[in-house]
Amino acid sequence: MVHAFAVYRDAMREAWGDWWLAWPLLQKVAVGDVLHESRGSVRPAGTLADRRVPFAETAPEARGAFVYDAGGGIDLRFKASGTTDPLFSALADADAGALLRFARQRAALVAYRGLAGSGIPDTRALAGALVRRYWEGRWDAGLLAVTEVVRAEAAAVLVAAEAGASAELRLATSVGAGPLRLLDLAGSAQVAQGRHLGFQWIGEALTPLFRVVRLRGTWLGGVREEYGPVQPGRGLDAEPVPPLLMEQAADDPSAVLESPHQPATEPEPHPDPQPEAGREPQPGPAAESKPEHAPEPARDTS
């Protein structure tokens, strides 16, 4: 059995490395989103703004296009409008289109056009803000902050369920004059006929890629060893953050923050409601993670 996400992930990995992949493809991801990860499961947990963590986002910057054709394992044939080709059975002579035939089982076609990226430019400020929220007991090791996203104007993603899978695609008449290209399939095609396809998605306006950060595990261990556990909800009498912790965030944000790998399991959509605007989430399964070892007693602040 072919798992579509695993095939898609492998197709993207060489070019995009440790970037996280939105799945399903229309999953909404934005800079400043907060996620909660526990035992390989990731679910929405509000936003940085909900948690009173200020941040700025850069203006979108063009990043071109991306095409992956199963490592050369796709036999591709284009048909121009007004021509006849006996290999096409689902298209009329007036249609422009493409015929894809997958030679291997674990094969994917991925095409993104109009890519643009934006992110949080000031990681020092973010590290300092998360240190402060952690010290106040309002941020923990299971929380992830989305710091960078890549959006696409349009995409085409097709995954073969078995060797010999094929797809006959009809291209929109809006495709420009000149030779047809794989990139023309992104957002401009319809599957007129498919055989043994495990997954297909063609559409517009999505955010396929994003990056996240969390508090570094070794840093958290050092803080617990030096200062003991934090106490949630300290209120007006909260202890000030030790200057050394704020200095660590300002001097070397990478000593405080790390970029974890996306869990290898297929992401599952979660219908969890987002916190109401202007309200800070209360500690709970989606906002505060619990250590897998026995919980430490609260710090004595008397």
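Refer to the preceding data block for the structure.
Overview of the structure.

1. Comments concerning the sheet that holds strand β5 (residues 74-79)
In step 1: Spatial strand order, β5-β6-β9-β10: four strands in an open sheet with antiparallel pairing. The sheet is open, and its two edges are formed by β5 and β10 (189-195), each paired on a single side. This sheet shows a mean twist of 15° between the axes of neighbouring strands, independent of strand direction.
In step 2: Note: β5 against strand β6 (residues 96-102), six bridges, orientation antiparallel. Following the sheet pairing, Leu76 is matched in β6 by Leu100.

2. Looking at the packing of helix α3 (residues 217-227) against helix α4 (residues 243-251)
In step 1: Put simply, α3 and α4 touch, their axes get as near as 12 Å, and they point 165° apart. Classified by the angle between their axes, α3 and α4 sit roughly antiparallel to one another. Note on packing geometry: the crossing formed by α3 with α4 is right-handed. Where α3 approaches α4, its residues Trp219, Val223 and Tyr227 are matched on the opposing element by Leu244, Leu245 and Gln248.

3. Points about the environment of Trp219
In step 1: Inspection of the secondary structure assignment puts Trp219 in helix α3.
In step 2: Assessed through its relative accessible area of 7%, Trp219 is described here as buried.
In step 3: When the C-alpha positions of Trp219 and Val256 are compared, they lie 5.9 Å apart, and in sequence the two are 37 residues distant.
In step 4: Apart from the residues within four sequence positions on either side, Trp219 is in contact with Val131, Tyr134, Leu245, Gln248, Ala255 and Val256.

4. Comments concerning the nonpolar core
In step 1: Leu48, Trp139, Phe210, Leu215 and Trp219 are the most contacted members of the largest nonpolar core, which has 36 residues in total.
In step 2: Breaking this core down by element, the ones donating at least two residues are β2 (33-38), α2 (123-135), β8 (143-160), β11 (197-215), α3 and α4.
In step 3: Apart from residues no more than four positions distant in its own chain, Phe210 is found in contact with Trp19, Trp20, Leu21, Ala22, Val29, Leu35, Val146, Glu148 and Val149.
In step 4: Among the nonpolar cores identified, the runner-up in size contains 25 residues, and Phe5, Trp23, Leu115 and Leu206 belong to it.

5. With respect to the packing of aromatic side chains
In step 1: Applying the stated criterion across every chain, the model contains eight aromatic pairs.
In step 2: Relative to Tyr227, the ring of Trp135 lies with its centre 5.6 Å away and its plane at 90°, an arrangement referred to as edge-to-face. Linking Trp135 in helix α2 with Tyr227 in helix α3, this pair joins segments that are 92 residues apart in sequence.
In step 3: Judged by relative accessible area, which is 2%, Trp135 ranks as buried.

6. What to know about the packing of α2 against α4
In step 1: As a packed pair, α2 and α4 sit with axes 8 Å apart at the nearest point and diverge in direction by 155°. Regarding the angle of α2 to α4, the classification is roughly antiparallel. When the axes of α2 and α4 are compared, the crossing they make is right-handed. Listed contacts from α4 to Arg124, Ala127, Gly128, Val131, Arg132 and Trp135 of α2 are Leu245, Met246, Ala249, Ala250 and Asp251.
In step 2: For the contact of α2 with α4, the class distribution of residues is seven nonpolar, one polar and three charged.

7. Focus: the pairing of strand β7 (residues 108-119)
In step 1: Burial runs high along β7: nine of the twelve residues are buried.
In step 2: The sheet contact formed by strand β4 (residues 61-69) and β7 spans seven bridges and is antiparallel. When the sheet's bridge partners are listed, Asp69 is paired in β7 with Leu109.
In step 3: Here β7 pairs with β8 via ten bridges, running antiparallel. Pairing of Ser118 across the sheet is with Val149, part of β8.

How each quantity is defined
Residues numbered from 1 in each chain as written. Predicted model: local features only at pLDDT ≥ 70, side-chain atom pairs only at ≥ 80, totals over all residues. Heavy atoms only, no water. Pairing = 2+ DSSP bridges. Helix = DSSP H or I, 4+ residues; strand = E, 2+ residues; numbered from the N terminus. Axes fitted to C-alpha atoms, helices over the stretch in contact; angles between N-to-C directions. Parallel < 35°, antiparallel > 145°, perpendicular 65-115°, else oblique. Left-handed = near helix turned anticlockwise from the far one by under 90°. Contact = heavy atoms within 4.5 Å. Buried < 20%, exposed > 50% of the residue type's maximum accessible area, 1.4 Å probe, protein only. Core = buried A, V, L, I, M, F, W, Y, C linked by side-chain atoms within 4.5 Å. Phe/Tyr/Trp six-rings, centres within 6.5 Å; stacked < 30°, edge-to-face > 60°. Nonpolar A, V, L, I, M, F, W, Y, C, P; charged D, E, K, R; others polar.

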